[in-house]
Amino acid sequence: QSTPAYDVIVIGAGVAGLKAASDLRQANLRVLVLEARSRPYGRIDTQQPAGWPVSIELGAQWFHGSSNPVLAYARTLRNPSVTITSTGSGDDEATFNPATGEEVSAADDTRWEDWFTEFEDSILPDLQEADEANSRSVADAVNDFMTVKRINDPLQRRGFLSRIETNYVQEYAASANRLSLPYFNADSEMAGGDSVPSNYSSVFSRMVNAIQQSPSSLRLGMVVSSVTPLRATAGGAVVGVQVAATNTRTQRSETITGRFLLSTLPLGVLKASYRSIFAAGIDAGAAARQKAIAALGMGLLNKVIMQFPTAFWTSKDLAGSNQWIGSLPLEDPAAVQWNEFFSLKQATGQNVLVAFQAGDAAATVEKLGDKETVDSAMVALRQMFGNPSLPNPTRYVITRWAQDPYALGSYSFVAVGATDGMRNTLCRTAGRLYFAVTNDCSVRGYATSAA
Ligand SMILES: Cc1cc2nc3c(=O)[nH]c(=O)nc-3n(C[C@H](O)[C@H](O)[C@H](O)COP(=O)(O)OP(=O)(O)OC[C@H]3O[C@@H](n4cnc5c(N)ncnc54)[C@H](O)[C@@H]3O)c2cc1C
């Protein structure tokens, strides 16, 4: 049998694959990265479509936490095309009541904040207490809390839910009824305020260049369809892997061999295709891995990035904050609703507002057409600001991550019925196979954990 062509074949040129491949390349190994898309960086996707005055981020946008190692890495690059702007902690969001078109009162704001703190304390005993998965969701605890506290008034309920929306639903990209109460926030969070790079993808461009140096290589437009053993020892141990990938340009399938394989396929793709890609017998950890793949949840966070003729949102008294702007959520998590907006005025100087949607609401809105989506966001903004004549955006970009075939969602979360330990199971090494899955081992589902 032939000698494998590469030491390591890496599936995926997202930040996980790029970092791993550039390290392996530095260790003088022959590495091949196979990437399905026609561009690297995966769920980091910086674009500057025609007419836009600034580049926009369709995927990851923030370095979360000032102690974030990716932020530290970005600073070492001294790349003049990547400026980094602090966006604070996000705690100073201005909340609007669409029923009045006004910002909520300071008294209401403080009460909801206090309730949220009390709620967080009340669920502490539940967190990671269960040895096994249980069926309690964050929504169950929220409902219990509102019953015990007798929060019955619709405005007060929506006010309290606005804190759940901001802190959990948007953060974990899943509705509260999907999040496992004992494990949803078992991961560690990085301390300190957040910041945004002016161009997220460029932070990793040096890695792309490094990988492209012979004898290593990065091939775009290569959709991996199967991983089979290259050969097995008499005892049945797998020696080397054989990867089949379809070249999207020629539509031809190619077979490439390697001594080891690193899969960075996102959880959404593993959910849809693990069984068809990984041949029976090649993954010694298959049974536990498949259980984890099925039980963990793939969350959804989408954006509508809108450019306006004026930054109408900065003209209001926004209590010192005009970066995060929120609205009071509806109690039905799947309703079409718009509760979180982020202003890019400070970071870019442009009149750009990003509408975020997460969880079931995001899944509902993904089914709408472009015009319907933007129209419904504008209805929400006009109600929030009490101004029916707010202008339409001059241009906009809508993300639909659940429909992206190479992501099938935004990032993962611990769903009801799963345990935190399943993240480790998901990325457990098995013989010649290595797995890196976002949100896996320790740090929440961000670019940092991938790297
Ligand atoms: C809307 C959104 C907002 C986010 N916001 C933030 C944020 O603010 N801060 C933050 O830190 N993180 C954020 N994240 C998460 C962050 O983007 C991801 O955690 C990180 O980019 C994942 O990197 P990865 O390499 O693990 O996966 P990916 O980037 O998904 O890389 C996997 C690669 O595999 C490729 N692939 C898939 N199928 C195949 C196949 N069959 N064959 C070959 N290649 C294949 C994909 O095209 C992809 O390039 C956000 C994500 C989204 C979607």
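Residues numbered from 1 in each chain as written. Predicted model: local features only at pLDDT ≥ 70, side-chain atom pairs only at ≥ 80, totals over all residues. Heavy atoms only, no water.

### Structural notes on the domain arrangement of the chain
And then number 1: Taken domain by domain, the chain consists of domain 1 (6–47 + 200–295 + 418–450) and domain 2 (90–191 + 300–403).
And then number 2: Distance from the C-alpha centre of domain 1 to the C-alpha centre of domain 2: 34 Å. (Domains from an automatic or database assignment.)

### Section: the packing of helix 3 (residues 106–123) against helix 5 (residues 154–172)
And then number 1: Close contact between helix 3 and helix 5 brings their axes to 9 Å; oriented N to C, the two are set at 60°. Comparing the axis directions of helix 3 and helix 5 gives the class oblique. For helix 3 against helix 5, the interelement crossing comes out right-handed. In this structure, helix 3 uses Asp-108, Asp-109, Arg-111, Trp-112, Glu-113, Trp-115, Phe-116, Phe-119, Glu-120 and Ile-123 to contact helix 5, whose residues at the interface are Leu-155, Gln-156, Gly-159, Phe-160, Ser-162, Arg-163, Ile-164, Asn-167 and Tyr-168. (Axes fitted to C-alpha atoms, helices over the stretch in contact; angles between N-to-C directions. Helix = DSSP H or I, 4+ residues; strand = E, 2+ residues; numbered from the N terminus. Parallel < 35°, antiparallel > 145°, perpendicular 65-115°, else oblique. Left-handed = near helix turned anticlockwise from the far one by under 90°. Contact = heavy atoms within 4.5 Å.)

### Some thoughts on helix 8 (residues 286–295)
And then number 1: Within the sequence span of helix 8, burial applies to Ala-286, Arg-289, Ala-292 and Ile-293. The buried residues of helix 8 all sit within an arc of 130° when viewed along its axis, so they share a single face. Turned more than 90 degrees from where helix 8 packs its buried face, Ala-287, Lys-291 and Ala-294 sit exposed.
And then number 2: Here the buried face of helix 8 lies against helix 7 (267–277), helix 12 (421–426) and strand 20 (433–435). (Buried < 20%, exposed > 50% of the residue type's maximum accessible area, 1.4 Å probe, protein only. Arc of directions from axis to C-beta.)

### A few points about the nonpolar core
And then number 1: Ranked by internal contacts, the top residues of the largest apolar core, which has 46 residues, are Phe-119, Ile-164 and Tyr-168.
And then number 2: Counting only elements with at least two residues in this core, the list comes to helix 3, helix 4 (138–148), helix 5, strand 14 (301–307) and strand 17 (352–358).
And then number 3: Here Tyr-168 is in contact with Phe-116, Phe-119, Glu-120, Ile-123, Val-138, Arg-163, Ala-173, Ala-174, Leu-179 and Phe-184, once residues within four sequence places are set aside.
And then number 4: Formed by 35 residues, the second largest nonpolar core is a distinct cluster that contains Val-243, Tyr-274, Leu-426 and Val-437. (Core = buried A, V, L, I, M, F, W, Y, C linked by side-chain atoms within 4.5 Å.)

### What about the pattern of salt bridges?
And then number 1: One pass over the full model with this rule turns up 17 salt bridges.
And then number 2: Of the charged contacts, one joins Arg-37 and Asp-404 as a salt bridge, the two residues approaching to 2.8 Å between their closest N and O atoms. Placement of Arg-37 in the loop between strand 2 (31–34) and strand 3 (46–47) and of Asp-404 in the loop between strand 18 (395–398) and strand 19 (412–413) is noted, with a sequence separation of 367 residues between them.
And then number 3: A relative accessible area of 11% means that Arg-37 is categorised as buried.
And then number 4: Among the residues examined, Asp-404 registers a relative accessible area of 13% and is labelled buried.
And then number 5: In this structure, the salt-bridge partner of Arg-400 is Asp-370, at a minimum N-O distance of 2.8 Å. Of this pair, Arg-400 sits in the loop between strand 18 and strand 19 while Asp-370 sits in helix 11 (residues 370–384); the two residues are 30 residues apart in sequence, bridging distant segments of the chain. (Salt bridge = Lys/Arg side-chain N within 4 Å of Asp/Glu carboxyl O.)

### Thoughts on the side chain of Asp-360
And then number 1: Mapped onto the fold, Asp-360 is located in helix 10 (residues 359–366).
And then number 2: Accessibility expressed as a relative area gives 14% for Asp-360, which makes it buried.
And then number 3: Within the structure, the side chain of Asp-360 is placed 3.1 Å from the side chain of Arg-178, a separation counted as a polar contact.
And then number 4: Residue contacts for Asp-360: discarding those within four places in its chain leaves Ser-175, Asn-177, Arg-178, Pro-333 and Ala-334. (Polar contact = N/O pair within 3.5 Å; in protein donor to acceptor, adjacent residues only side chain to side chain.)

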